[in-house]
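Read off the chains here:
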Amino acid sequence: MALPDVTLQVTEWPGEGDPVLLLHATGFHSRCWDSIARELPGVHIYAVDARFHGGSDRHGEVNWLQMAGDMEALLELLDLRRLIGVGHSLGGYLVAWVAARQAQRFRQLVLIDPVILPRQRYLLFPPRDAVDPADNPVSRRKNRWQDAGEMYARFRNRPPFASWQDQVLRDYCEYALRQVPHETALQLACDPLHEAAIYLNHQGNEAIYELLPQLTIPVTVLRAPPDPLNPGNLAASPTWPGLADFLPNARDIYLPERSHFIPMEDPALVARIIREALDEGWSGRDG
């Protein structure tokens, strides 16, 4: 989908009724939602590759608010209404931002372990130009692959992938690689340097706290357990535990048996929550 500043890859499952918008986590792509889409036959679904991910463009400076702006422009172009917005991790931040600024387009939100940190934590992050993504271990991920089969074989018994449902891991691997000019090996569609930069680029993201009070539509927050002693644990929840109480009309669903990768571990659960939103089984605190 060509926008003025970027082209975004959009996967669409045609269907009836109000549409569902799915936004993925850092380092992943829209096809990680395939298993959830299979659980929702007949539902009209849009899943988007954020900038720097999947089949979308990779140019520009890594900036969460820029990626949020991309999503705003996309929804204006598609002119979607009565959306059920669903976002995981980074995608949860992005969909919350867009829904607060374009409230007329959304009916409900499902935020799956969104990277909306406790407000005071943003004060601890260094300035954007004070960190080098190349110094982060994420930037050194293996980035030369023969094919998706090699990736699947390498990951299937390793954490955090070992806890994923097998088909979700296969879908991730199938669409995680891209051909690069003049290279014989395949490389990750989300370049490790971009992924590391996204993890490090939090200063300024606290601006979302000025928008959250505008999210008056029903919001469901799904949360995994945090790991306060190891803030670098990517399988731990980054979500502020008080987020649902801070929002005007939200409920909190705590999942102690899950990790941060809730959609990968239990796509049926996520699909049930989305179906509930579509059917207005939960329509807010006063519903």
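All values reported here derive from a predicted model rather than from experimental measurement.

What exactly am I supposed to notice about unusual backbone geometry here?
Glycine aside, residues mostly have negative phi, and peptide bonds are mostly found in the trans state. Backbone torsion omega between Pro159 and Pro160 reads 0 degrees, so that peptide bond is classified as cis. Inspection of the secondary structure assignment puts Pro160 in the loop between helix H4 (148-155) and helix H5 (166-175). The phi dihedral of Phe52 is positive, around 80 degrees, even though this residue is not glycine. With respect to the helices and strands, Phe52 occurs in the loop between strand S3 (43-48) and helix H2 (64-78). A relative accessible area of 0% means that Phe52 is categorised as buried. Even without being a glycine, Asp79 presents a positive backbone phi close to 50 degrees. Along the chain, Asp79 falls in the loop between H2 and strand S4 (83-88). For Asp79, a relative accessible area of 42% corresponds to the partly exposed category.

Is there a simple way to explain the sheet that holds strand S2 (residues 16-23) in this structure?
The strands making up a sheet associate through backbone hydrogen bonding, with each pair oriented either parallel or antiparallel. The strand order S1-S3-S2-S4-S5-S8-S9 describes an open sheet built from 7 strands, whose pairing is mixed. Two strands close off the open sheet at either side, each with one partner strand: strand S1 (10-13) and strand S9 (250-254). Strand-to-strand twist across the sheet, computed as the mean angle between neighbouring axes with direction ignored, equals 15 degrees. In this sheet, S3 lies alongside S2 in parallel orientation, the contact comprising 5 bridges. Its bridge partner lying in S3, Glu16 is registered against Val43. Each of S1, S2, S3, S4 and strand S5 (106-112) touches H2; the most contacted strand, S3, lies at about 140 degrees to it. Against the sheet, helix H9 (residues 267-278) makes contact with S2, S3, S4, S5, strand S8 (219-223) and S9, and its axis sits at roughly 160 degrees relative to S5, the strand it touches most.

I would appreciate a short explanation of H2 in the present structure.
Here H2 contains 15 residues, and its C-alpha end-to-end distance of 21 Å stays within 8% of the 21 Å for a straight helix at 1.5 Å per residue. Restricting attention to buried positions, one finds in H2 the residues Trp64, Met67, Ala68, Asp70, Met71, Glu72, Leu74 and Leu75. Capping of H2 at its N-terminal end is provided by Asn63; its side-chain oxygen lies 2.8 Å from the backbone amide nitrogen of Leu65. Backbone geometry just downstream of H2 places Asp79 in the positive-phi region, at approximately 50 degrees.

How should I be thinking about the nonpolar core in this particular structure?
As a rule of thumb, soluble globular proteins bury nonpolar side chains together. Within the largest apolar cluster, 50 residues are counted, with the highest numbers of intra-cluster contacts made by Leu21, Phe106, Leu109 and Leu212. When residues of this core are traced back to their parent elements, those giving at least two are S2, S3, H2, helix H3 (90-101), S5, helix H6 (192-200), S8 and helix H7 (243-246). The leading source of residues in this core is H3, at 9 residues. Once you skip the residues sitting within four places of it in the chain, Leu109 turns out to touch Gly85, Val95, Ala96, Ala99, Leu215, Ile217, Pro218, Val219 and Thr220. Residues Ile36, Ala37, Leu40 and Ile112 belong to the second largest nonpolar core, which totals 24 residues.

Before we go on, may I ask you to explain the packing of H4 against H5 in this structure?
Helix-helix packing is described using two parameters, namely the angle between the two axes and the distance between the axes. At a minimum axis distance of 8 Å, the contact between H4 and H5 shows a crossing angle of 135 degrees. Classed by the angle they form, the pair H4 and H5 counts as oblique. Of the two elements, H4 crosses H5, and the hand of that crossing is right-handed. Residues Ala148, Met151, Tyr152 and Phe155 of H4 form the contact with H5, whose own contacting residues are Asp166, Leu169, Arg170, Tyr172, Cys173 and Glu174.

Please clarify how empty space enclosed by the protein should be interpreted in this entry.
To find the voids left in a structure, one rolls a probe of water-molecule size over its atoms. Across all of its chains, the model carries 1 cavity of 30 Å³ or more by this definition. Taken as a whole, the largest cavity encloses approximately 40 Å³ of empty space. The wall of the largest cavity is formed by His24, Ala25, His29, Cys32, Trp33, His88, Pro263 and Met264. Classifying every residue of the lining of the largest cavity by side-chain character gives 5 nonpolar, 3 polar and no charged.

Would you mind going over H4 with me for this structure?
Two residues of an α-helix separated by three or four positions point the same way, owing to the 3.6 residues in each turn. Where H4 is concerned, the buried positions are Ala148, Met151, Tyr152 and Phe155. End-on view of H4: buried residues confined to an arc of 100 degrees, all on one side of the axis. Looking at the packing, one finds that the buried side of H4 touches H5, strand S6 (177-178) and strand S7 (187-188). The opening residue of H4, the one whose side-chain oxygen lies 3.1 Å from the backbone nitrogen of Gly149, is Asp147.

I tried to follow the packing of aromatic side chains on my own but got confused; where do I start?
Aromatic ring pairs are reported here in terms of the distance separating the ring centres and the angle at which the planes meet. With the rule as written, the count across this model stands at 16 aromatic pairs. Seen from their ring centres, Phe28 and Tyr172 are 5.3 Å apart, and the 70 degrees between their planes marks the pair as edge-to-face. Here Phe28 is found in the loop between S2 and helix H1 (34-38), whereas its partner Tyr172 is found in helix H5, with 144 residues between them in sequence. The exposure classification of Phe28 matches that of Tyr172, with both residues buried. Pairwise contacts between aromatic rings join Phe28, Trp145, Phe155, Phe161, Trp164, Tyr172 and Phe261 into one cluster. Directly above the ring of Trp145 sits Lys142, whose terminal nitrogen or CZ lies 4.7 Å from the centroid.

Quick notes on the rules
Residues numbered from 1 in each chain as written. Predicted model: local features only at pLDDT ≥ 70, side-chain atom pairs only at ≥ 80, totals over all residues. Heavy atoms only, no water. Helix = DSSP H or I, 4+ residues; strand = E, 2+ residues; numbered from the N terminus. Buried < 20%, exposed > 50% of the residue type's maximum accessible area, 1.4 Å probe, protein only. Pairing = 2+ DSSP bridges. Axes fitted to C-alpha atoms, helices over the stretch in contact; angles between N-to-C directions. Contact = heavy atoms within 4.5 Å. Expected span 1.5 Å × (residues − 1). Polar contact = N/O pair within 3.5 Å; in protein donor to acceptor, adjacent residues only side chain to side chain. Core = buried A, V, L, I, M, F, W, Y, C linked by side-chain atoms within 4.5 Å. Parallel < 35°, antiparallel > 145°, perpendicular 65-115°, else oblique. Left-handed = near helix turned anticlockwise from the far one by under 90°. 1 Å grid on protein atoms, 1.4 Å probe; cavity = no way out; pocket = protein on both sides within 12 Å on 5 of 7 lines; lining within 4 Å. Points joined across faces, edges and corners; volume = space filled by probe spheres on them. Nonpolar A, V, L, I, M, F, W, Y, C, P; charged D, E, K, R; others polar. Arc of directions from axis to C-beta. Phe/Tyr/Trp six-rings, centres within 6.5 Å; stacked < 30°, edge-to-face > 60°. Lys NZ or Arg CZ within 6 Å of the ring centre and 35° of its normal.

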